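These are the residues of each chain, in order.
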Amino acid sequence: MIAGVVLALVAGLTSAAGGVMPGDPKAGEGIYARCLACHALAYDRTGPRHCGLFGRRAGSVKGFAYSEAMSRSRIVWDEKTLDHFLANPLAAIPGTAMGYAGVSDKKERTDLIAYLRQAGKSPQCGK
Amino acid sequence: MSSFLKLASASNVLEARRAFLGKSGLLLSGAAVALLAGRDALAATGGESAASDVRILNTALGAELEAIAAYQVGAESGLLQKPVLALAVTFQGHHKEHADVLAKTVAKLGGKPVLAKTKYTFPVETLKNQNDVLRFAATLEKGAVSAYLGAVPVFGNRDLAKAAASILGDEAMHWAILRNALGEVPVPSAFMS
């Protein structure tokens, strides 16, 4: 019984390739609802669009008015940099216009990032 | 039958809303007065903390201005029937009040309030009927609740945090009433995130 639970937990934490699971995009979509006052996938709003996020340099969406801090951050968005930023945006990039406490829960961040990754490959993002 | 129930529900909500407005107007005015009461109190934190507060307020102001524009699109879409249209216009009025207070507070703190954009992008191609408009508005209102919830703890000035919480409460009521008008459970959980 215990062995079964342990196996289920291990299966839940690792992918078929043996790596760490990248998060649950479905759950992440629910977390993304928190972002929808300011962000959209395909177009700029109070915050910049999220299509094309992965591999993009922070502060580089053409025509979007970023804070100076974001423009100068030299961050390139990937799982690691997003995880760090989303945990506490104001601490990660002091001076960012994203006046938001962050997503403190690691699993929620992982799910949110998984959703952003998946959404970036969706028709909404022209893929 | 179900659409009648939704409309009846929206109508009842609107009546309750009207009865409530007299009181809430006073409450919002009170919050606005407290918020704008004195530059000294607002600026007490000073320095980088005050600058950070201005950035947070300006981001909120930008989102409020967009919400005003979104409700305008909804109101002019021709998709909203009378009781729901009045509800949308009422909520838009609240966002105008929020924006006004936020802009004045930014200015009081020595900042430059952001202005409304000349053009906003909205997913108008997905808005085919009243429920689509209500669902779109509900999505924005829920996002606004989360945004203010995320802003409250990061204000350096506790009076600003209190004012943001006051706006958060208003956005949460909008969200619940829009859900109710859609025939959904108005308050689906005990906590917001």
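Residues numbered from 1 in each chain as written. Chains lettered and ligands numbered in written order. Predicted model: local features only at pLDDT ≥ 70, side-chain atom pairs only at ≥ 80, totals over all residues.

**Considering the overall build of chain A**
Consideration 1: Scanning chain A for helices and strands turns up six helices and zero strands.
Consideration 2: Order of helices (α) and strands (β) in chain A, N terminus to C terminus: α-α-α-α-α-α.
Consideration 3: Out of the 127 residues in chain A, the part that is buried amounts to 29%.
Consideration 4: Across chain A, every contact between residues at least 6 apart in sequence was considered, and the portion connecting residues at least 24 apart equals 48%. (Helix = DSSP H or I, 4+ residues; strand = E, 2+ residues; numbered from the N terminus. Buried ≥ 20, exposed ≤ 12 C-beta atoms within 10 Å, placed from the backbone. Contact = placed C-beta atoms within 7 Å.)

**Overview of the nonpolar core**
Consideration 1: Core analysis: the biggest nonpolar cluster contains 50 residues, and B:Leu61, B:Ala137, B:Tyr148 and B:Ala151 have the highest contact counts within it.
Consideration 2: For this core, the element with the highest residue contribution is helix α5 (residues 130-151) of chain B, accounting for 11 residues.
Consideration 3: Setting aside chain neighbours within four positions, we find B:Ala151 in contact with A:Gly99, A:Tyr100, B:Ile56, B:Ala60 and B:Ala164.
Consideration 4: Judged by nonpolar contacts, the second largest core, of 15 residues, contains A:Ile31, A:Ile93, A:Leu112 and A:Ala119. (Core = buried A, V, L, I, M, F, W, Y, C linked by C-beta atoms within 7 Å.)

**Focus: the interface of chain B and chain A**
Consideration 1: In this assembly, 19 residues from chain B lie in contact with 16 residues from chain A.
Consideration 2: Per element, the largest residue contribution to the side of chain B that touches chain A is nine residues, and it comes from α5(B).
Consideration 3: Its residues placed into classes, the side of chain B that touches chain A shows eight nonpolar, eight polar and three charged. (Nonpolar A, V, L, I, M, F, W, Y, C, P; charged D, E, K, R; others polar.)

**Observations concerning helix α6 (residues 106-119) of chain A**
Residues and elements named next belong to chain A.
Consideration 1: Spanning 14 residues, α6 covers 20 Å between terminal C-alpha atoms, matching the ideal 20 Å at 1.5 Å per step.
Consideration 2: Every buried residue of α6 is accounted for by Arg109, Thr110, Asp111, Leu112, Ile113, Ala114, Tyr115, Leu116 and Ala119.
Consideration 3: Tucked into the core, α6 has its buried residues touching α2 (25-32) and α4 (79-87). (Expected span 1.5 Å × (residues − 1).)

**Brief notes about the packing of helix α3 (residues 47-76) of chain B against α5(B)**
All names here are of chain B.
Consideration 1: Look at α3 against α5: their axes get within 11 Å of each other, and the N-to-C directions meet at 170°. Judged by the angle between their axes, α3 and α5 are roughly antiparallel. Facing α3, whose interface residues are Ile56, Ala60, Ala63, Ala67, Ala70, Tyr71 and Gly74, α5 presents Val133, Ala137, Leu140, Ala144, Ala147 and Ala151.
Consideration 2: By residue class, the composition of the contact of α3 with α5 is 12 nonpolar, one polar and no charged. (Axes fitted to C-alpha atoms, helices over the stretch in contact; angles between N-to-C directions. Parallel < 35°, antiparallel > 145°, perpendicular 65-115°, else oblique.)

**Topic: the packing of α3(B) against helix α4 (residues 82-108) of chain B**
Residue and element names in this part refer to chain B.
Consideration 1: Between α3 and α4, whose axes approach to 9 Å, the crossing angle comes to 155°. Relative to α4, α3 is oriented roughly antiparallel. Viewed along their axes, α3 and α4 form a crossing whose handedness is left-handed.
Consideration 2: When the residues that make up the contact of α3 with α4 are grouped by side-chain class, the tally is 17 nonpolar, seven polar and two charged. (Left-handed = near helix turned anticlockwise from the far one by under 90°.)

**Notes on the environment of A:Glu79**
Consideration 1: Inspection of the secondary structure puts A:Glu79 in helix α4.
Consideration 2: Along the primary structure A:Glu79 and A:Ala114 are separated by 35 residues, whereas in three dimensions their C-alpha atoms are 8.4 Å apart.

**Thoughts on the confidence of the model for chain B**
Residue and element names in this part refer to chain B.
Consideration 1: For chain B, per-residue confidence averages 85 on the pLDDT scale, and residues scoring 70 or more make up 76% of the total.
Consideration 2: Mean pLDDT in chain B bottoms out at helix α1 (residues 2-35), which sits at 45, and peaks at α5, which reaches 98.
Consideration 3: Overall, residues 1-11 carries pLDDT values under 50, and its contacts beyond four positions in sequence, including any with other chains, amount to 13 contacts.
Consideration 4: Listed scores for the predicted complex are pTM 0.83 and ipTM 0.83. (pLDDT = per-residue confidence, 0-100.)

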